[in-house]
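One letter stands for each residue in the lines below.
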Amino acid sequence: MNESVKEKNYTSPRYAFNDEDRGEVSQDNLFPMHETQVPYSPTLGKSFVGFKEALGFKESGGDYFTVNTLGYLGKYQFGKETLKLIGIHNPVHFLSNPELQEKAFIANAERNKWVLRKDIKRFSGKVINGTKITESGILAAAHLAGPGNVKKYLRSFGADGFSDAYGTSVAYYIKKFSGYDTSKIEPNKKAKVKHSA
């Protein structure tokens, strides 16, 4: 009895293929398919956490404890002057504290969103240099280059570009980080990191 095993004879709801629709009956008609099996994915998609992690990975490979050749610090590669703007005055403590770095990311994004609020409203959905402008792309570019350089880029419709010391441009960040959900970031002119007691 050397019969070959056929997939259709052993299909079950737990191990069925994902191309079957909700409510469809499996091929052998023994096990109804009550829900579509969604393949596991380690990605965070276009969520806000996905945005933070993608940006942190691009900036430092996700390393909280790194300092680059220009002295930028941590997972999100903050400059000391930017840290001062959001209420952090001890870069050594900042570098050794991942929780503080995450708070700094949020505070900086809130501040940038306030500074760029009119430009976000005006340019979101428009296309500049072949790239659809989104809020998340604008906020990522502001993290790279500061909100002033992003304003110049947008208001010149891409003619006035900016690149950092490593050659990464505002245009590249606007495109790379397009389409993420950054609605959780509230614009805040006076955003500061709240230090734990």
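Now for a look at the structure at hand. All values reported here derive from a predicted model rather than from experimental measurement.

Next up on the list: the overall build of the chain. For the chain, the helix and strand inventory stands at 8 helices and 2 strands. Here the chain displays about 12,000 Å² of accessible surface, and carbon together with sulfur accounts for 53% of that area.

Once that is clear, we can look at helix α7 (residues 147–155). Of all the residues in α7, the buried ones are Pro147, Val150, Tyr153 and Leu154. Taken down its axis, α7 places every buried residue within 120 degrees of arc, on the same side. Buried-residue contacts for α7 involve α4 (98–115), α5 (117–123), β1 (127–128), α6 (135–145) and α8 (170–176). Immediately beyond the C-terminal end of α7, within one or two residues, lies Phe157, with a positive phi of roughly 55 degrees.

Our focus in this paragraph is a nonpolar patch on the surface. Judged by side-chain polarity, Leu70, Tyr72 and Tyr166 come together as a nonpolar surface patch covering roughly 310 Å² of accessible area. A residue is classified by how much of its surface remains accessible, and Tyr166, at 47% relative accessible area, is partly exposed.

A word on the pattern of salt bridges. Per the counting criterion, the structure on display carries 7 salt bridges. Lys84 is the salt-bridge partner of Glu81, the closest N and O atoms lying 3.3 Å from each other. Placement of both Glu81 and Lys84 in helix α2 (residues 80–85) is noted, with a separation of 3 residues, approximately one turn of the helix. The class of Glu81 is exposed, set by a relative accessible area of 57%. The residue Lys113 makes a salt bridge to Glu135 at a minimum N-O spacing of 2.9 Å. Note that Lys113 is positioned in helix α4 and Glu135 in helix α6, a separation of 22 residues in sequence. With respect to class, Lys113 is no different from Glu135; both count as buried. One salt-bridge network, held together by shared partners, links Lys52, Glu53, Lys75 and Glu102.

Let us look at the packing of α4 against α6. Put simply, α4 and α6 touch, their axes get as near as 10 Å, and they point 110 degrees apart. When the axes of α4 and α6 are compared, the pair comes out roughly perpendicular. Handedness of the crossing formed by α4 with α6: right-handed. Of α6, the residues touching α4 (which contributes Phe105, Asn108, Ala109, Asn112 and Lys113) are Glu135, Leu139, Ala142 and His143. Taken together, the residues of the contact of α4 with α6 sort by class into 4 nonpolar, 3 polar and 2 charged.

This part covers a positive patch on the surface. On the surface, Arg117, Lys118, Lys189 and Lys190 cluster together into a patch of positive charge. Note that Lys190 resides in the segment after α8. On the accessibility criterion, Lys190 (66% relative accessible area) is exposed.

Attention now moves to the side chain of Glu59. Tracing the chain through its elements places Glu59 in helix α1 (residues 48–60). No salt bridge is formed by the buried Glu59. Its closest oppositely charged neighbour is Lys58, at 7.3 Å. The contacts of Glu59, once residues within four sequence positions are left out, are Lys75, Tyr76, Gln77, His143, Leu144 and Tyr173.

Our focus in this paragraph is unusual backbone geometry. With a phi angle near 50 degrees, Asn129 is a residue other than glycine that sits in the positive phi range. Here Asn129 lies in the loop between β1 and β2 (131–132). Not every positive phi belongs to a glycine, and Phe157 is a case in point at roughly 55 degrees. As for its position among the elements, Phe157 is in the loop between α7 and α8.

We now examine the packing of aromatic side chains. Ring pairs (aromatic) are described by centroid distance and by the angle formed between their planes. As enumerated under the stated definition, the model contains 11 aromatic pairs in all. For the pair Phe51 and Tyr180, a centre-to-centre distance of 5.7 Å together with 55 degrees between the ring planes defines the contact as tilted. Residue Phe51 is located in helix α1, and its partner Tyr180 is located in the segment after α8; the two are separated by 129 residues in the primary sequence. The residues Phe51 and Tyr180 share a single accessibility class, namely buried. Between the aromatic rings of Tyr173 and Phe177, the centroid separation amounts to 5.0 Å while the plane-to-plane angle is 65 degrees, which identifies the pairing as edge-to-face. A relative accessible area of 2% means that Tyr173 is categorised as buried. Pairwise contacts between aromatic rings join Phe48, Phe51, Tyr76, Phe105, Tyr172, Tyr173, Phe177 and Tyr180 into one cluster.

Procedures and definitions
- Residues numbered from 1 in each chain as written.
- Predicted model: local features only at pLDDT ≥ 70, side-chain atom pairs only at ≥ 80, totals over all residues.
- Heavy atoms only, no water.
- Helix = DSSP H or I, 4+ residues; strand = E, 2+ residues; numbered from the N terminus.
- Areas by Shrake-Rupley, 256 points an atom, 1.4 Å probe, with all protein chains shown as cover.
- Buried < 20%, exposed > 50% of the residue type's maximum accessible area, 1.4 Å probe, protein only.
- Arc of directions from axis to C-beta.
- Contact = heavy atoms within 4.5 Å.
- Patch = residues over 30% accessible without salt bridge, like charges linked within 9 Å, V, L, I, M, F, W, Y side chains within 5 Å.
- Salt bridge = Lys/Arg side-chain N within 4 Å of Asp/Glu carboxyl O.
- Axes fitted to C-alpha atoms, helices over the stretch in contact; angles between N-to-C directions.
- Parallel < 35°, antiparallel > 145°, perpendicular 65-115°, else oblique.
- Left-handed = near helix turned anticlockwise from the far one by under 90°.
- Nonpolar A, V, L, I, M, F, W, Y, C, P; charged D, E, K, R; others polar.
- Lys, Arg positive; Asp, Glu negative; His and termini not counted.
- Charge placed at Lys NZ, Arg CZ, Asp CG, Glu CD.
- Phe/Tyr/Trp six-rings, centres within 6.5 Å; stacked < 30°, edge-to-face > 60°.

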